Structure formats: structure tokens, C-alpha cells
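Secondary and tertiary structure notes
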Amino acid sequence: MKKSLSILCICILAILTCACSDSKPSTDVQSSELSEIDALIGFFENHTVFQTTLSVTFEDDSDIPVFKTILKLLGVEVSGIVISNETATYVLLSHFPFTDDTISAITEPCEAQILDADGNIILTAEDVLTTSLDYLRITCFVDDSFANKDAWGFHTLMLGETAMEVSITNDVINGHNVLTCSTINSDVAVAQKTAVAFSRSTFLGDVHINIIQPSERVNAKMES
């Protein structure tokens, strides 16, 4: 399932790249990249819903709301919960297949920073008030004292020890400063791990998540 989805992503991006090369100046690279990401997000939100069943065990019950917060951040809806003994079974709906990489993003948080071309830090989790994820795009709301309001263009995302390219745009929404980070490599797992890192959502105890029923496409609608 994950392999076929990756192939589909590549095909969509290839088609969009060809279209953009014919209609946009070659110098407008960032706009082209963001247009491709917009189209990819729109495709999956309008055409795909996956259902996954997980078993989840919490060492500390206070981590249950944290888990639900992370699911909401990732755009995952809970369609059913069954609790037996100390294990909870969750039936989830999402616009992406729930994989071991998704579990890693939830249970193994890491540090995230965005650096400019000179290696200066543009954004850290401490700068972020709230975070949201839209498939490949991470939106970070920052306060008025944020020093890098004019950050724009291609920058480096440090996710733990791993470096990768991201595109940054900034805007003001409802009076709040907003930085939008789009992963260029179209890796959903990277976007998920980045969003969780910037949200600073961490568990107090151990959380064990196992996939009981792998993700499969279903004929269902999601609220978000």
C-alpha cells in the first residue's frame, strides 16, 4: 500500500511538473513547487480515505488526551474506540495510510529547526504557539515578538540529525504571524514528524502502538 501510494505521488508530481514548466517562468521555482504541493494535497483530500485499526497501550493515562491531540494534528479522525483491560483499540480514518513511520512520528519525537543558507536558526519549536498539518504542509503560528517574520524561500529543515530542503512562506492570518513550511521531497512521514516536533506534544510515559488492521481505502467521508 505504501509503495503504491508513493508511486502515485511521483506520477502526480511528474504530471504537475510538466504542466508547470510549460506555463510558468523557470525562475519561479518556489511558486511551481508550492503549486504542485497544493495539487497533491487537494487530490488526496478529495479522493482518498484510509481506515486503520490500532491497539494502543498507555503507561500513563494522562497521555490519552495527548495522543488524541496528536491524531488531530495529523488530520486523523477517530471513528471508534473499544477499551479492553489496559488496551484501547482505535479505528481511524485518514487521508494517508497509517504506517510504522506514522507511529514513529507519534512516539519518537525529535528536535526540529529551520536554518537559513548561512546556518542561522530561523525557527525552533520554542517559537511556535500552535501547529497544524495539511498533508505535506506544516503551518506554525508564532507570536508578535518572533524575529524572523520575513523568512521566505528555500531553507534547511534539521529533523534530528537529518537535513532536508523545505519551502517557507509567511503571512498574517487573523492578526497572527504564520510561517508555512512545505516539505519538498513529498514525504508524508517527514511532514508528520516535523509537525509533531514543532507542536511539542510529548508523552509522560511509554505509549505502545500496534497496527492490527493495516490501512485500506474505504468509501467514507471525513469531517475535516
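The structure presented is a predicted model; accordingly, all values stated were derived computationally and were not measured.

1. Let's talk about the pairing of strand E2 (residues 77-84)
The pairing of E2 with strand E3 (residues 87-94) spans seven bridges and is antiparallel. Each residue of the ladder has a partner; that of Val82, found in E3, is Thr89. Two successive antiparallel strands, E2 and E3, enclose a turn made up of two residues, where Asn85 displays a positive phi of approximately 55 degrees.

2. A closer look at the sheet that holds strand E7 (residues 137-142)
If you walk across this open sheet you meet the seven strands as E5-E4-E8-E9-E10-E7-E6, and the pairing is antiparallel. Each edge of the open sheet is held by one strand with a lone partner, namely strand E5 (121-124) and strand E6 (128-134). Sheet twist, expressed as the mean angle between neighbouring strand axes with direction ignored, is 30 degrees. In this fold helix H5 (residues 188-199) packs onto strand E4 (112-115), E5, E6, E7, strand E8 (153-159), strand E9 (162-173) and strand E10 (176-183), with an angle of close to 160 degrees to the strand it touches most, E6.

3. Quick notes on the sheet that holds E3
Neighbouring strands of a sheet are bound in pairs by backbone hydrogen bonds; such pairs are parallel or else antiparallel. Read across the sheet, four strands follow the order E2-E3-E1-E11 without closing on themselves; strand pairing throughout is antiparallel. The open sheet is flanked by E2 and strand E11 (207-217), the only strands paired with a single partner. Across the sheet, the mean angle separating the axes of adjacent strands is 15 degrees when strand polarity is ignored. Of the strands in this sheet, strand E1 (50-58), E2, E3 and E11 touch helix H3 (residues 64-73), which is tilted by about 15 degrees from E3.

4. What to know about the nonpolar core
Formed by 47 residues in total, the largest nonpolar core has its most connected members in Phe67, Phe98, Ile106, Leu123 and Phe198. Sorting elements by how many residues they give to this core places H5 first, with seven residues. Apart from residues lying up to four places away in sequence, Leu123 is in contact with Ala112, Gln113, Ile114, Val128, Cys140, Val142, Phe146 and Phe198.

5. Topic: H5
The first and last C-alpha atoms of H5 sit 17 Å apart over 12 residues, in line with the 16 Å expected at 1.5 Å per residue. A large share of H5 lies buried, amounting to 11 of its 12 residues. Among all positions in H5, only Val188, Ala189, Val190, Ala191, Gln192, Lys193, Thr194, Ala195, Val196, Ala197 and Phe198 are buried. Following H5 by one or two positions, Arg200 adopts a phi angle in the positive range, close to 60 degrees.

6. Notes on the environment of Arg200
Note on placement: Arg200 falls in the loop between H5 and E11. Assessed through its relative accessible area of 44%, Arg200 is described here as partly exposed. Considering only alpha carbons, one finds Arg200 and Val128, 72 residues apart in sequence, at a separation of 9.0 Å. Discounting chain neighbours no more than four positions away, the residues touching Arg200 are Ala125, Glu126 and Val128.

7. Focus: the confidence of the model for the protein
Mean pLDDT over the protein stands at 78; residues scoring 70 or higher make up 75%. Within the protein, the lowest mean pLDDT, 41, falls on helix H1 (residues 2-23), and the highest, 95, falls on E1. Contacts of residues 5-27 to residues separated by more than four positions or lying in other chains number 21 contacts, the stretch itself having pLDDT below 50.

8. Topic: helix H4 (residues 100-107)
Every α-helix winds through 3.6 residues per turn, so residues three or four apart in the chain are directed the same way. Listing the buried residues of H4 in full gives Thr102, Ile103, Ser104, Ala105 and Ile106. For H4, the elements touching its buried residues are H3, H5 and E11.

Conventions and cut-offs
Sequence order sets the numbering: in each chain, residues are counted from 1 along the sequence as written. Whole-chain, interface and lining totals are the exception, using all residues; otherwise, since this is a predicted model, local features are given only for residues with pLDDT of at least 70 and side-chain atom pairs are given and counted only at 80 or more. No hydrogens and no water enter the side-chain calculation; it runs on all heavy atoms of the structure. Two strands make a pair as long as DSSP finds a minimum of two bridges between them. Helix and strand assignments come from DSSP, with helices taken as H or I runs of at least 4 residues and strands as E runs of at least 2, each series counted from the N terminus. An axis is simply a line fitted to the C-alpha atoms; with a helix, the fit covers only the stretch in contact. Between two such axes, the angle follows the N-to-C directions and lies from 0 to 180 degrees. Any two residues having at least one pair of non-hydrogen atoms within 4.5 Å are treated as being in contact. As used here, the term nonpolar core means buried Ala, Val, Leu, Ile, Met, Phe, Trp, Tyr and Cys residues forming a set that is joined through side-chain atoms within 4.5 Å. Burial classes follow relative accessibility: with a 1.4 Å probe on protein chains only, a residue under 20% of its type's maximum area counts as buried, one over 50% as exposed, and anything between as partly exposed. The length a helix should cover is 1.5 Å for every residue beyond the first. Every residue carries a pLDDT, the predictor's confidence in it, which falls somewhere between 0 and 100.

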